[in-house]
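Chains, contacts and geometry: an overview
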Amino acid sequence: MGQQISDQTQLVINKLPEKVAKHVTLVRESGSLTYEEFLGRVAELNDVTAKVASGQEKHLLFEVQPGSDSSAFWKVVVRVVCTKINKSSGIVEASRIMNLYQFIQLYKDITSQAAGVLAQSSTSEEPDENSSSVTSCQASLWMGRVKQLTDEEECCICMDGRADLILPCAHSFCQKCIDKW
């Protein structure tokens, strides 16, 4: 019986618009994610981005924001910090904070893209100009994706302004609405 419900759910998901179907899949995935699996994905993302960025000037570093995962409700309050670092100078060039949903989206994007890049580089012993130019800006491209994910949040009250505040309950609001309340 459980399998029948799952098959029916998948049929419904397949009929939804692509963006809604992706959202449903991500929410379902985050619901079944254990804390250990989450930490494993953070570590995996660091490994993948380090491999792709080897020999490059910049790379991304992912870490759980200290204290954001200490609650029993970690899935709601956890925050992952994504930092773009210049390897030669050690200077942090950019930093963004993501919630679990945004992190899972980015995890899927990066691991699928990196799998292709790493497979391509492992089949050819000498990287050609195209593959080196594709990988040379990966950290900046992925940081752009992080920015896009974190900028997409809209205010839960007015549904108009960009949410620039995330409260501990994980709801996002614009400063104007918070000031009114």
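Residue numbers here run from 1 along each chain, matching the order of that chain's written sequence. This being a predicted model, a pLDDT of at least 70 is required before a residue's local features are given, and a value of 80 or more before pairs of side-chain atoms are given or counted; all residues contribute to the totals for chains, interfaces and linings. Side-chain descriptors were evaluated using all non-hydrogen atoms of the structure, hydrogens and water having been removed beforehand.

1. Observations regarding empty space enclosed by the protein
For clarity, the cut-off: A cavity here means a set of points on a 1 Å grid, drawn over the protein atoms and nothing else, where a 1.4 Å probe fits but cannot get out; a pocket is an open set with protein on both sides within 12 Å along at least five of seven lines, and a residue lines either one if it has an atom within 4 Å of a point. Grid points are joined across faces, edges and corners, and a volume is the space filled by probe spheres set on the points. Strands here mean DSSP runs of E at least two residues long; helices mean DSSP runs of H or I at least four residues long; both are numbered from the N terminus. Side-chain classes are defined by residue name, with Ala, Val, Leu, Ile, Met, Phe, Trp, Tyr, Cys and Pro counting as nonpolar, Asp, Glu, Lys and Arg as charged, and the others, Gly among them, as polar.
In the structure shown here, the tally under the stated rule is 1 cavity of 30 Å³ or more. The volume enclosed by the largest cavity comes to roughly 40 Å³. Considering the residues around the largest cavity, the lining is formed by Thr49, Val52, Ala53, His59, Leu60, Gln138, Ala139 and Trp142. At the level of elements, helix H3 (35-52), strand S1 (58-64) and helix H7 (138-151) are the ones that each hand at least two residues to the lining of the largest cavity. Take the lining of the largest cavity: its biggest share by element is 3 residues, from H7. Residues of the lining of the largest cavity, tallied by class, amount to 5 nonpolar, 3 polar and no charged.

2. Regarding the environment of Thr83
Here is the rule: Summary of the burial criterion: residues with accessible area below 20% of their type's maximum are buried, those above 50% are exposed, and those between are partly exposed, where the area comes from a 1.4 Å probe applied to protein chains only.
With respect to the secondary-structure elements, Thr83 resides in strand S2 (residues 80-86). What makes Thr83 buried here is its relative accessible area of 7%. Spatially, the C-alpha atom of Thr83 lies 8.1 Å from that of Met143, the residues being 60 residues apart in sequence.

3. Some words on the confidence of the model for the protein chain
Counted only if it meets this: The score called pLDDT rates the predictor's confidence residue by residue, from a low of 0 to a high of 100. In this description, contact between two residues means that some pair of their heavy atoms is separated by no more than 4.5 Å.
On average, the protein chain scores 76 in pLDDT, and the residues at 70 or more come to 64%. Confidence, read as mean pLDDT per element, is least for helix H6 (residues 129-136) in the protein chain (45) and greatest for H3 (92). This stretch, residues 127-136, has a pLDDT under 50; its non-local contacts, to residues over four places away or in other chains, come to 6 contacts.

4. Observations regarding the pairing of S2
Basically, it comes down to this: Note on pairing: two strands pair once DSSP finds at least 2 bridges between them.
With respect to burial, S2 is a largely interior element, 7 of its 7 residues being buried. Side chains Val80, Cys82, Lys84 and Asn86 of S2 all project onto a buried face; the interleaved residues Val81, Thr83 and Ile85 project onto the opposite face, where all are buried too. Of the strand pairs in this sheet, S1 and S2 are connected by 7 bridges, and their pairing is antiparallel. Paired with Lys58 across the bridge in S2 is Asn86. Here S2 pairs with strand S3 (residues 92-98) via 6 bridges, running antiparallel. By the bridge assignment, Ile85 is partnered in S3 with Val92. Linkage of S2 to S3, two consecutive antiparallel strands, is achieved through a turn of 5 residues, within which Gly90 is found at a positive phi near 75 degrees.

5. Some remarks on the environment of Gln138
Relative to the elements of secondary structure, Gln138 occurs in helix H7. Sequence separation of Gln138 and Ile110 is 28 residues, and the distance between their C-alpha atoms is 9.5 Å.

6. Section: the packing of aromatic side chains
Rule in force here: The rule is short: rings of Phe, Tyr and Trp, with Trp giving its six-membered ring, pair when the centres are within 6.5 Å, and they are stacked under 30 degrees, edge-to-face over 60, tilted in between.
Applying the stated criterion to the full structure yields 5 aromatic pairs. Taking the centre distance of 5.3 Å and the plane angle of 75 degrees together, the rings of Tyr35 and Trp74 count as edge-to-face. Of the two residues, Tyr35 sits in helix H3 while Trp74 sits in helix H4 (residues 74-77), which places them 39 residues apart along the sequence. Classification of Tyr35 by relative accessible area gives partly exposed; the value is 25%. Since its relative accessible area comes to 10%, Trp74 is described here as buried. Taken together, the ring pairs in this structure connect Tyr35, Phe38, Trp74, Phe103 and Tyr107 into an aromatic cluster.

7. So, the sheet that holds S1
As a reminder of what qualifies: Each axis is a line fitted through C-alpha atoms, and for a helix only the stretch in contact is used; angles between axes span 0 to 180 degrees, taken between their N-to-C directions.
Spatial strand order, S1-S2-S3: 3 strands in an open sheet with antiparallel pairing. Of all strands in the sheet, those bounded by a partner on one side alone are S1 and S3. The mean angle between the axes of side-by-side strands here comes to 20 degrees, regardless of whether they run parallel or antiparallel. Sheet contacts for H3: S1 and S2; angle to S1, the most-contacted strand, approximately 170 degrees.

8. Things to note about H3
Defined as follows: Here, expected helix span is obtained from the residue count minus one, scaled by 1.5 Å. In this description, the arc belongs to the directions extending from the helix axis to the C-beta atoms.
Given a rise of 1.5 Å per residue, 18 residues ought to cover 26 Å, and the 26 Å separating the end C-alpha atoms of H3 matches this to within 8%. Buried within H3 we find Phe38, Arg41, Val42, Leu45, Asn46, Val48, Thr49 and Val52. In a view along the axis of H3, the buried residues occupy a sector of 170 degrees, so they form one face of it. Exposed side chains of H3 directed beyond 90 degrees from the buried face belong to Glu36 and Lys51.

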